[in-house]
Amino acid sequence: MDRISQLPDFIVHHILSFLHGSPPAELVRMSVLSKTWFHLTASFPQLDFSIHKFGSRESFFKYVEYTTSRFCHQNLTAHRLTLHVTIRNPAELDIVNRCLGLLLMVGVNELSMSMSMLAAMPKYRLPNTLLSVSVLKSLSIYNCGLPSSLMHDGVVKFKSLISLQLHNVRIDEEVIRYITTGCPLLQWFEIRCCYGFKRFCVYQHQNLQRLGLVGTSVEIIDIIEAPNLYNFYLAAKNAGRRPPKLNLASCKKLTSVTYEGYPSPNSNGFLSNFPFVENLDLFTTCEGNNLKLSSHSLRTLELFTDFDLEKIELSTPNLDLFIYCNDDYGWVGVRQLPHLKACMGCYPDGSIDTAWFQKLRLFLDKKNGFKASNLYICTDQKFIVLENIKEIELPPFELEHLELHFEHEESLDHAAFVDAVLCCFRPRFLTLRSSFPLTDSEEQSALVKFTYERLLEQENQGHTSIQIVSPYSSKAQKQGLMLLAEPLREEKAISFIKEKEACGQRFADLENL
């Protein structure tokens with residue numbers, strides 16, 4: 001008995017949706033599972049016309065024609081249409097125009113368009129019928145010309161549009177105005193590598209929540225009365241480009257900002273453009289004598305820069321998390337841990353030497369309104385130069401939790417690094433994380449033993465024992481020990497907890513090692 005054929009249509013469509021992203025041939029193969037599935041694939045509302053998923057151009061265009069004909073015969077609205085293709089001749093262009101026109105007539109909820117033409121052919125321009133698709137909620141356009149009626153008449157009827165992404169599309173100030181006024185429900189507006197405008201203005205848009213301008217030549221950004229805008233990201237077209245004039249101070253819900261590629265802000269006035277910012281990602285190069293940031297609202301700062309710590313001045317009394325990174329590998333999920341408070345994460349680039357530790361130690365002593373009690377250091381450096389580390393004439397900085405993350409195989413460099421760290425810091429908890437084993441079935445690794453001995457040396461007064469536990473264990477949780485960054489796949493981790501105990505317990509722990 002063909003039980004599969006008895007499934008309701010919406011359940012079959014849900015099963016087929018798991019093939020999204022797979023070659024369309026997989027959908028055809030699925031249709032042989034039952035007598036009715038061949039018919040149901042014709043009504044499957046996610047149409048993926050991506051030419052790179054096909055073995056030949058001929059099979060691609062035949063599939064587009066055949067699938068469009070079967071789908072439009074059902075008179076259904078497409079949930080999603082993806083059309084990514086390079087056109088080589090007028091015959092291919094004719095197929096695309098005809099099929100796209102038919103699908104727009106029946107309706108599309110989400111449309112992603114990427115059209116490339118041979119050098120001898122003009123840039124593809126989207127049809128005017130696109131502007132009349134009232135059910136369209138998401139639109140992504142890459143390397144296409146906007147419909148001519150939009151460019152000339154300013155007619156926009158996207159009354160349902162929520163998300164709009166334009167990439168390598170020519171637009172001007174008037175078109176921006178047409179779009180923002182003609183899309184009252186728009187929540188996410190992103191412009192990447194678009195050209196033809198110097199000023200970007202949005203006035204009285206009640207629903208806009210996310211705005212991104214990346215790789216443009218914009219010189220003035222005015223956002224007036226966008227009460228629900230909470231996320232803004234701005235990236236320069238070329239590194240070092242003069243930053244645009246900003247007017248976003250009236251956006252009271254604007255709490256997340258990304259600012260990339262422009263010269264470093266050289267005064268405390270930079271954040272006055274964002275008086276309510278709580279999360280700031282700042283990508284900047286070292287220009288000027290120092291980097292000054294002042295904000296009472298800022299809670300998370302991710303700084304990607306070649307500024308030394310000694311040149312960074314923060315006046316951020318409510319800052320909970322400060323990520324300092326000299327390279328892009330700092331994106332390791334630190335912000336996704338909501339429990340972090342008074343935490344600093346360091347991702348150094350290049351060899352870590354005594355001068356680096358001294359700058360870090362002095363930075364933590366600054367009276368800058370940010371006092372770290374949790375410190376995370378991630379290093380992928382195999383060779384670490386640590387000469388004269390004990391010449392840093394400062395007492396160890398008291399920390400609640402210190403987390404050290406190593407990459408590469410275990411070596412003596414790591415022990416030297418731990419030694420240097422414990423010359424500068426005195427933690428209550430210490431966690432080692434690595435891509436190499438820290439323990440095996442019989443005994444702890446040499447690095448774990450060395451760390452244990454060094455922690456005991458720090459506690460040469462009083463009666464303190466060191467407990468070695470998994471950071472995921474119930475004992476660690478009861479002590480309040482929580483990781484300072486998301487665990488990575490196949491990562492090893494072990495934690496040390498200092499506890500005040502009877503004198504004899506310390507020697508028992510040593511024997512257990």
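In short, a report on the structure.

Calculation criteria
The written sequence of each chain sets the order in which its residues are numbered from 1. Local features in a predicted model are, by the rule used here, given only for residues with pLDDT of at least 70; side-chain atom pairs are given and counted only at 80 or more, and totals for whole chains, interfaces and linings are based on all residues. In computing side-chain properties, one takes all heavy atoms of the structure into account and sets aside hydrogens as well as water. Helix and strand definitions here come from DSSP, where helices need a minimum of 4 consecutive H or I residues and strands a minimum of 2 consecutive E residues; each element is numbered from the N-terminal end. In this analysis, the expected span of each helix is defined as 1.5 Å times one less than the number of residues it contains. Partly exposed residues are those whose accessible area sits between 20% and 50% of the maximum for their type, while under 20% is buried and over 50% is exposed, using a 1.4 Å probe and protein chains only. Every residue pair with non-hydrogen atoms within 4.5 Å of one another is taken to be in contact. Salt bridge, as used here, is a side-chain nitrogen of Lys or Arg placed within 4 Å of a carboxyl oxygen of Asp or Glu. Side-chain atoms within 4.5 Å link the members of a nonpolar core, which is a set of buried Ala, Val, Leu, Ile, Met, Phe, Trp, Tyr and Cys residues. A pair of strands counts as paired when DSSP detects no fewer than two bridges linking them. Lines fitted to the C-alpha atoms define the axes, with helices restricted to the stretch that makes contact. Angles between their N-to-C directions range from 0 to 180 degrees. Every angle not falling under 35 degrees, over 145, or within 65 to 115 is termed oblique; those three ranges are roughly parallel, roughly antiparallel and roughly perpendicular. Left-handed describes a crossing whose near helix is turned anticlockwise from the far helix by less than a right angle; the clockwise case is right-handed. Each residue is assigned to one of three groups, with Ala, Val, Leu, Ile, Met, Phe, Trp, Tyr, Cys and Pro labelled nonpolar, Asp, Glu, Lys and Arg labelled charged, and all others, Gly among them, labelled polar.

Let us now look at helix 9 (residues 412-424). In a regular helix each residue adds 1.5 Å, so 13 residues correspond to 18 Å; helix 9 covers 19 Å between its end C-alpha atoms and thus fits that length. Among all positions of helix 9, only H414, A415, F417, V418, A420, V421, L422, C423 and C424 are buried. Of the surrounding secondary structure, the elements contacted by the buried residues of helix 9 are helix 8 (354-365), strand 19 (374-379), strand 20 (397-406), strand 21 (425-434) and helix 10 (446-458).

Okay, the pattern of salt bridges next. Tallied over the entire structure, the rule returns 22 salt bridges. Across the pair E58 and K62 runs a salt bridge whose closest N-O atoms are separated by 3.2 Å. Within this pair, E58 and its partner K62 are both found in helix 4 (residues 57-73), separated by 4 residues, close to a single helical turn. In terms of burial, E58 and K62 fall into one category: exposed. One salt bridge connects K475 with E499, and the closest N-O pair in it is separated by 3.5 Å. A residue pair is termed long-range when its members are at least 10 positions apart, and K475 in helix 11 (residues 474-478) and E499 in strand 23 (residues 492-500) qualify at 24 residues. A relative accessible area of 31% places K475 in the partly exposed class.

This part takes up the environment of L430. Relative to the assigned elements, L430 resides in strand 21. Given the relative accessible area of 0%, L430 is considered buried. Sequence spacing of L430 and L455 is 25 residues, and the spatial spacing of their C-alpha atoms is 9.0 Å.

With that settled, the discussion passes to the nonpolar core. Judged by nonpolar contacts, the single largest core of 135 residues is most densely connected at F200, F322, M344, F357 and F425. With residues near it in sequence (within four places) discarded, F357 still touches I352, L386, I389, I392, F417, A420, V421, C424 and F425. By size, the runner-up hydrophobic cluster in this structure holds 12 residues, among which are F304, C343, Y347 and A485.

The subject of this paragraph is helix 8. Taking 1.5 Å as the rise per residue, helix 8 with 12 residues should run 16 Å; its terminal C-alpha atoms sit 17 Å apart, in good agreement. Of all the positions in helix 8, only T354, W356, F357, L360, R361, F363 and L364 are classed as buried.

Here strand 15 (residues 300-305) lies mainly inside the structure; 6 of its 6 residues are buried. Burial along strand 15 is two-sided: T300, E302 and F304 facing one way and L301, L303 and T305 facing the other are all buried. In the sheet, strand 13 (residues 279-284) pairs with strand 15 via 6 bridges, with the strands oriented parallel. Paired with F283 across the bridge in strand 15 is F304. For strand 15 and strand 17 (residues 321-325), the ladder comprises 5 bridges, and the chain directions are parallel. By the bridge assignment, E302 is partnered in strand 17 with I323.

This part is about the packing of helix 9 against helix 10. Put simply, helix 9 and helix 10 touch, their axes get as near as 10 Å, and they point 20° apart. Judged by the inter-axis angle, helix 9 sits roughly parallel to helix 10. Handedness of the helix 9/helix 10 crossing: right-handed. Contacts from H414, A415, V418, D419, L422 and C423 in helix 9 reach L447, F450, T451, R454, L455 and Q458 in helix 10. For the contact of helix 9 with helix 10, a count of residues per class yields 7 nonpolar, 3 polar and 2 charged.

Here we have 3 strands laid out as an open sheet, ordered 7-9-11, and parallel in their pairing. The open sheet is flanked by strand 7 (199-203) and strand 11 (245-247), the only strands paired with a single partner. Taken over all neighbouring pairs, the strand axes of this sheet differ in orientation by 0° on average, direction set aside. Pairing of strand 9 (residues 220-224) with strand 11, which is carried by 3 bridges, proceeds in the parallel orientation. The residue of strand 11 that forms the bridge with D222 is N247.

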